Amino acid sequence: MDRADLERLDRDCPLSPCRERFVLPDGVLYFDGNSLGALPRTAPSSIGELVEAEWGGGLIRSWLDAGWFHLARRAGDAIAPLIGASAGEVAVSDSTSVNIFKLAAALLRGGGRRKVLTESGNFPTDMYILEGLVDLLGGGRALVRAPPDEILDAIDEATALVVLSHVDYRTGAVLDMEGIAARCKALGVPAIWDLCHSAGAIPVELNRCGVDYAVGCTYKFLNGGPGAPAFAYVSRDAIGAFEPAVTGWFGHAEQFRFEDRYRPADSIAKCLVGSPPILSLRAVLDGVACFEGVDMAALAAKSRRLSDLFIALADERLARHGLELASPREAARRGSQVSFRHAHAYAIARALIANDLIPDFRDPDILRFGITPLYMRHVDVWDAVETIDAVMAGRAWEDFRTAEREAVT
């Protein structure tokens, strides 16, 4: 297969028109959509209208006239089909870190179990939140980190809570959500799933898998913009008994009665706390709207084709440069990214960015390429491998060997 064959694949791909829904700079190969999604073409005018007409003209009336008041739940309902959830099970608010704390703190109150389980190598913020929460609650609670392939056996009668990332942020390895959820249900252990690296890129079936709690961000594959608010999911089966530990007025049953005592809402609204960030929520809706008419199975299939192509081309052309595949080779076990190990991964990443190919680096030796099937083309993968080959063959990365680490990598 050559580049011309890939051009034909792109022309025939049913998802190709989706690329026009985004603003993408000419001449740039963007492989970092798993850190920050591309700008939806509608977002500038949508946010501009909100600022000028709704805020500027409508002022406070826009809480009702423009629907601001319901925006957090409206955004949640828009995300729900992308993660296999139902309307009324998702709300958008706060950050992923804060949502993990909110759910975990609620689920750890009371009970005699003391083990909080996560996978070793989980994304740092998840572990930091859990460390702090275990210290805060005390009572003999302990955070246990188990290797991903030992998670299932580590869930036992002493486990109070399980918090896991569906997709490993470094390698893209996918955990067995259905199997782990079944084990948790059998032992009566609540589990929170972090969907930051899977929502909007690979199949997620929360309802079918019997998952009761999940969180995720909206600024990666969901294209909600830098620092966009995250989402929290609580299933219909669990929401009635769920008792929030962080209780703010937007989670109150009747917030504008201004009662002195908290009464939780009887819906997913109980996961809300303070006033929602309206500008950011509007951008989230623009990002999620880019999935309109998209079949998620077709999206996942394209993700697999793109990443399989990347790996095949890398085997042919990049292995000789010492790039070792870090992602699972089997597509079913891999998220929407392809990662390589190299002792000089940081310098290589800097050199590639200087050549208009944008991946990212993850300490200590991971060179990570996000696969964003909604707007990525097959020829982008071909051109990326060409660029990597040229940078490695010409040893352009050596110019960055002694470069000081940037604040963001």
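Scroll up to find the structure.
A short tour of the structure in this document, coming up.

**So, the sheet that holds strand β4 (residues 90–92)**
With respect to topology, 7 strands assemble into an open sheet ordered β4-β10-β9-β8-β7-β5-β6, the strand pairing being mixed. Each having just a single partner strand, β4 and β6 (142–146) make up the two edges of the open sheet. Each neighbouring strand pair of the sheet contributes to a mean axis angle of 20°, computed without reference to strand direction. Alignment of strand β9 (residues 213–216) against strand β10 (residues 231–234), held across 4 bridges, turns out to be antiparallel. Bridging across to β10, Val215 finds its partner in Ala232. Relative to the sheet, helix α6 (residues 124–137) contacts β5 (115–119), β6, β7 (159–165) and β8 (191–194), its axis offset from that of β6 by approximately 150°.

**Description of the layout of surface pockets**
Considering only enclosed or pocket space, the largest pocket measures out at about 390 Å³ in volume. Lining the largest pocket are 20 residues, and of these His166, Val174, Ile202, Pro203 and Ala332 lie nearest its centre. Sort the elements by how many residues they give to the lining of the largest pocket and helix α12 (residues 296–317) lands first, with 4 residues. Along the lines of polarity and charge, the residues of the lining of the largest pocket split into 10 nonpolar, 4 polar and 6 charged.

**Section: helix α11 (residues 278–289)**
With 12 residues, α11 should cover 16 Å at 1.5 Å per step; its first-to-last C-alpha distance of 17 Å lies within 8% of that length. Most of α11 is tucked away: 9 of the 12 residues are buried. For α11, the set of buried residues is Ile278, Leu281, Arg282, Ala283, Val284, Leu285, Asp286, Gly287 and Val288. Considering only its buried residues, α11 is in contact with β3 (39–40), α2 (43–55), α3 (62–65), α4 (71–79) and β4.

**Side note on the packing of α12 against helix α14 (residues 378–393)**
Contact geometry for α12 and α14: axes closest at 10 Å, N-to-C directions at 25°. Here α14 runs roughly parallel to α12, going by the angle between their axes. Our pair here, α12 against α14, has a crossing hand that is right-handed. Of α14, the residues touching α12 (which contributes Lys302, Arg305, Leu306, Leu309, Phe310, Leu313 and Arg317) are His378, Val381, Trp382, Val385, Glu386, Ile388 and Asp389.

Rules of the game
Residues numbered from 1 in each chain as written. Predicted model: local features only at pLDDT ≥ 70, side-chain atom pairs only at ≥ 80, totals over all residues. Heavy atoms only, no water. Pairing = 2+ DSSP bridges. Helix = DSSP H or I, 4+ residues; strand = E, 2+ residues; numbered from the N terminus. Axes fitted to C-alpha atoms, helices over the stretch in contact; angles between N-to-C directions. Contact = heavy atoms within 4.5 Å. 1 Å grid on protein atoms, 1.4 Å probe; cavity = no way out; pocket = protein on both sides within 12 Å on 5 of 7 lines; lining within 4 Å. Points joined across faces, edges and corners; volume = space filled by probe spheres on them. Nonpolar A, V, L, I, M, F, W, Y, C, P; charged D, E, K, R; others polar. Expected span 1.5 Å × (residues − 1). Buried < 20%, exposed > 50% of the residue type's maximum accessible area, 1.4 Å probe, protein only. Parallel < 35°, antiparallel > 145°, perpendicular 65-115°, else oblique. Left-handed = near helix turned anticlockwise from the far one by under 90°.

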